[in-house]
Amino acid sequence: MSLLYNTGDWFALGHGNSYRKIDLYTMDWPASINLEHMTVHAAPYGGPIALVKDSKQFIKLSGGESTKPVIRIFNCSGRLISTINWDNGNSGNLVCMGWSDAEEFLVVQADGSVWRYDMFGNFLHKFSMGADVTDVQDAKIFASSSGTGIAVLTASWKIYIVNSVMDPKLRPLSELLSLSSDLTCWELVSKERNTCCLLARGTDIILARHGDSAPTTHQLGMKSDYSSIVAMAVSFNHRHLAIYTNTGAIWLGSADLRTKYCEFATGRSERPQQIAWCCDEDPHPDQQAVIVAYASMVQVIGMTGDSNIYTYDSPTVLIPEMDAVRVLTNNTHELFQRVPSSTGKIFGINISEPASFLFEAHMEFQKRSHKSDEFLCLIQDRLASAVGECVAAAGQEFDSHTQKSLVRAAHFGKSFLPGYNPDGYIEMCRVLRVLNALREPIVGMPLTLRQFNHLQPLVILDRLIFRKHYALAIQIAKHLKLPESRILEHWAFHKIEHDKNDEEVARKISDKFRHHPMGDRERISFANVAKKAQQKGRNKLAITLLEQEPRKSLRVPLLLELDASEKALTAATQSGDTDLIYMVILKMKSTTALSKFQMIIRRFPLAHDLYKKYCQANSLSTLKDIYSQEDDFQAQAELGLREALEINNVEVSIPDISGNYKKANRMLEADACDEAKKLMKHQKVLDEKYQKRLYGLPLHETIRQLLLLGDIKYADRLKSEFKVPERRYWWLRISVLSQQFQWDELEKFAKSKKSPIGYEPFVEVCLKQHNLEQAKKYLPRCSEENKFNWYLKAGCLQEAASVAYEQKDMDGLWRVHGRCAADPALLAKVDNLIGQLASKK
């Protein structure tokens, strides 16, 4: 089947290897642009194009035109982005220009310095290729595994390489090479974190790389005679190499020079202006092609030895891409590309693929022809693959009419597929809308589908942001369901840089951020924008923006950097985060006058309390000053007591502590201080009297020590003077007497007068010392409600049973019954008592 649809610019390079030429743009730049007198430096992936007058040509200048180079940067449709008036040296100082992988413009000067600019001509950074690099004759900007690298060739025929302009580490190749003026061309090949240099000298190719002890020399096995190599070109992926000789013969092979694909005689004697590889995603070498550009002609050469020629009215510039080559002229911008397999299966000549029949079926359906059903019947069991091919082919097209035809054909086909999963179809429709928007002349990013998938949508959004296409970036983010916060933040950065009215900028940013719908997973940061305002010296605007930042952990540190300490303290206390509050307190303490700091912090109770806590651990003198200024007498008393205890000087400090408690109207604490002072006086006397350390003991322990010493009289004196309760004193007496086994004294003390604590404690201390005989003396005097339990605890089971019977306590009798199993006589007696008590009930 033959479907001649949008195939007018197809051409074949061997059997089954078709290429096509696609018109991208009619250039919109000034009519004065003439590529014949200019050097062109274009970034891949639809990046910007830089033009500057060729310094090697003698060009007549118009009136008032500067002799210094002027670098003009355009997008791919020829719309001016920016201009750089180069004033960093004479025109001869510009050796090489190009673009980094981040679309930054790089300029290499003869003195070895490298300048970095953004696409809007703003200076970013400058670095040197090294102290030894002072007279650069040539330079190369190349893609490496580390990003973008630069290699320079000096007048002394030495080569120096930097693999990444973001982290420039110089690697000289000088120790390997011994070059001279017969070097005709050179090229860089970067692979697997290693960069090697290919140099042509006569008929030899010299390969030098770091790590090798010496360079290696290769001879090209060519059928054609030649005396020198005039040009070399490495493919975009650094896998393939093209070598052009002085006789017009071209050698095509692998970049390591081990494999030769083919040899082609161009039949032309002039030196080509450019050579570029037109690669395909198929890694097989036979599927690749090379494009050679001459003064007014472009020749496309396939690996089978076939070629095709295009002539132009103006000079051409080749721009290699990962899957194509763009051709730039004075008036047009075109793209050479191998025909994608999905497209070839639909629009190829004499094709009998399912996708081709599906497309034709849809065309006939639109004509209301019965042939549509006939075509569908031919591919009934292969309809799903046909739909997939139509969807894939739509993604490869630049023409929107062709895209729509393919998408409609896929839609037509999937309606006959029950259970068809439409995710791929829907995703392709989304991506096509994005690609078409990017290809619009005002944006000028003619990306292919493969380039789009390689860069990833987030990178493309970043590139739109850098170009200041904020509205389009937001629409694409919504369309692809991607975060929009970064776009809005960058828009805010742009406002800060270019709008000088602080109030207006703050209002616009606030309105835009607050009225933009956000999910929980995405939150715009006012702090990031405020940080940018701070960097631009607009502190007032930064503070205004920070007041709208809901996350205090982001707001507080930046407010401190902006010297807005009070606002930072307000935000920190509102958050309740003690770490944030301490951060502000310590910062203010070190940067603010003490008097002002104390006045400020008093207005924030939480912060003030935390500051006191900090002083309590780190500076008691400061804390004492705070309490004194606040007339907080209770806190002064407590702090004084703490200090006195730490230095063991309580007696000296007691009067001041007591006075502060009285001023605070804390009479209980004041009386306690006075009594403590009296007790210490007694303890000093006792220390001298008994030569034993009693000083500092509590009153209870002091009396106990006196009782142990036998000084009953002094113990009674302290009891009376300090109003020790009678019950506590009796407990002390009986515990000391039992501890000293003074049983007669204990009995005498029990008979001295009625015990205020009862007689159970007497039983307890006797049992504690395992003296049952003494305990029995006090058991009968225990209270009736406790008598049974104490008899039982003492092991007097018979007496316990009698008490339980008298008290009619059946449970008590059973408890005794459970413990007298070893005494049959007692057991029988208890059983009898239980029976008697039960009969009475």
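Residues numbered from 1 in each chain as written. Predicted model: local features only at pLDDT ≥ 70, side-chain atom pairs only at ≥ 80, totals over all residues. Heavy atoms only, no water.

(A) Broad picture of the sheet that holds strand β24 (residues 289-293). The sheet built from four strands is open, its strands ordered β23-β24-β25-β26 with antiparallel pairing. Two strands lie at the open edges of the sheet, namely β23 (274-278) and β26 (307-311), each paired on one side alone. Neighbour to neighbour, the strand axes of the sheet diverge by 20° on average, direction disregarded. Relative to β24, β23 is paired through five bridges, and the arrangement is antiparallel. Its bridge partner lying in β24, Cys278 is registered against Ala289. (Pairing = 2+ DSSP bridges. Helix = DSSP H or I, 4+ residues; strand = E, 2+ residues; numbered from the N terminus. Axes fitted to C-alpha atoms, helices over the stretch in contact; angles between N-to-C directions.)

(B) Geometry of the packing of helix α2 (residues 354-366) against helix α5 (residues 400-414). Contact geometry for α2 and α5: axes closest at 9 Å, N-to-C directions at 90°. Between α2 and α5, the angle falls in the class roughly perpendicular. Residue-level contacts link Leu358, Phe359, Ala361, His362 and Phe365 of α2 to Ser405, Leu406, Arg408, Ala409, Phe412 and Gly413 of α5. The residue makeup of the contact of α2 with α5, split by class, is seven nonpolar, three polar and one charged. (Parallel < 35°, antiparallel > 145°, perpendicular 65-115°, else oblique. Contact = heavy atoms within 4.5 Å. Nonpolar A, V, L, I, M, F, W, Y, C, P; charged D, E, K, R; others polar.)

(C) Region of interest: the packing of aromatic side chains. A full pass over the atoms with the stated rule returns 21 aromatic pairs. One aromatic cluster is present, built from ring pairs that chain together Phe11, Tyr19, Tyr310 and Phe336. A cation over a ring is seen here: Lys414 above Tyr425, with NZ or CZ 5.1 Å from the ring centre. (Phe/Tyr/Trp six-rings, centres within 6.5 Å; stacked < 30°, edge-to-face > 60°. Lys NZ or Arg CZ within 6 Å of the ring centre and 35° of its normal.)

(D) Seen up close, unusual backbone geometry. For Tyr45, which is not a glycine, the phi torsion comes out positive at approximately 55°. A relative accessible area of 10% places Tyr45 in the buried class. Although it is not a glycine, Asp563 sits at a positive phi angle of roughly 60°. With respect to the helices and strands, Asp563 occurs in the loop between α14 (552-561) and α15 (565-575). Overall, the relative accessible area of 67% leaves Asp563 in the exposed class. (Buried < 20%, exposed > 50% of the residue type's maximum accessible area, 1.4 Å probe, protein only.)

(E) Representation of the pattern of salt bridges in the model. Counted by the stated rule, this structure contains 32 salt bridges. Here Glu103 and Arg467 are joined by a salt bridge, their closest N and O atoms 2.7 Å apart. Placement of Glu103 in the loop between β7 (94-99) and β8 (105-109) and of Arg467 in the loop between α8 (457-466) and α9 (470-480) is noted, with a sequence separation of 364 residues between them. The same class applies to Glu103 and to Arg467, which are both buried. Lys787 is the partner of Glu784 in a salt bridge, and the nearest nitrogen-oxygen pair spans 3.0 Å. One end of the pair is Glu784 and the other is Lys787, both in helix α29 (residues 784-794) and three residues apart, which spans about a single turn. (Salt bridge = Lys/Arg side-chain N within 4 Å of Asp/Glu carboxyl O.)

(F) Helix α6 (residues 423-438), seen in detail. In this model, α6 (16 residues) spans 23 Å end to end at C-alpha, consistent with the 22 Å of a helix rising 1.5 Å per residue. Listed as buried for α6 are Tyr425, Met428, Val431, Leu432, Val434, Leu435 and Leu438. Close packing links the buried residues of α6 with β2 (18-26), α4 (383-395), α5, α7 (449-455), α8 and α9. (Expected span 1.5 Å × (residues − 1).)

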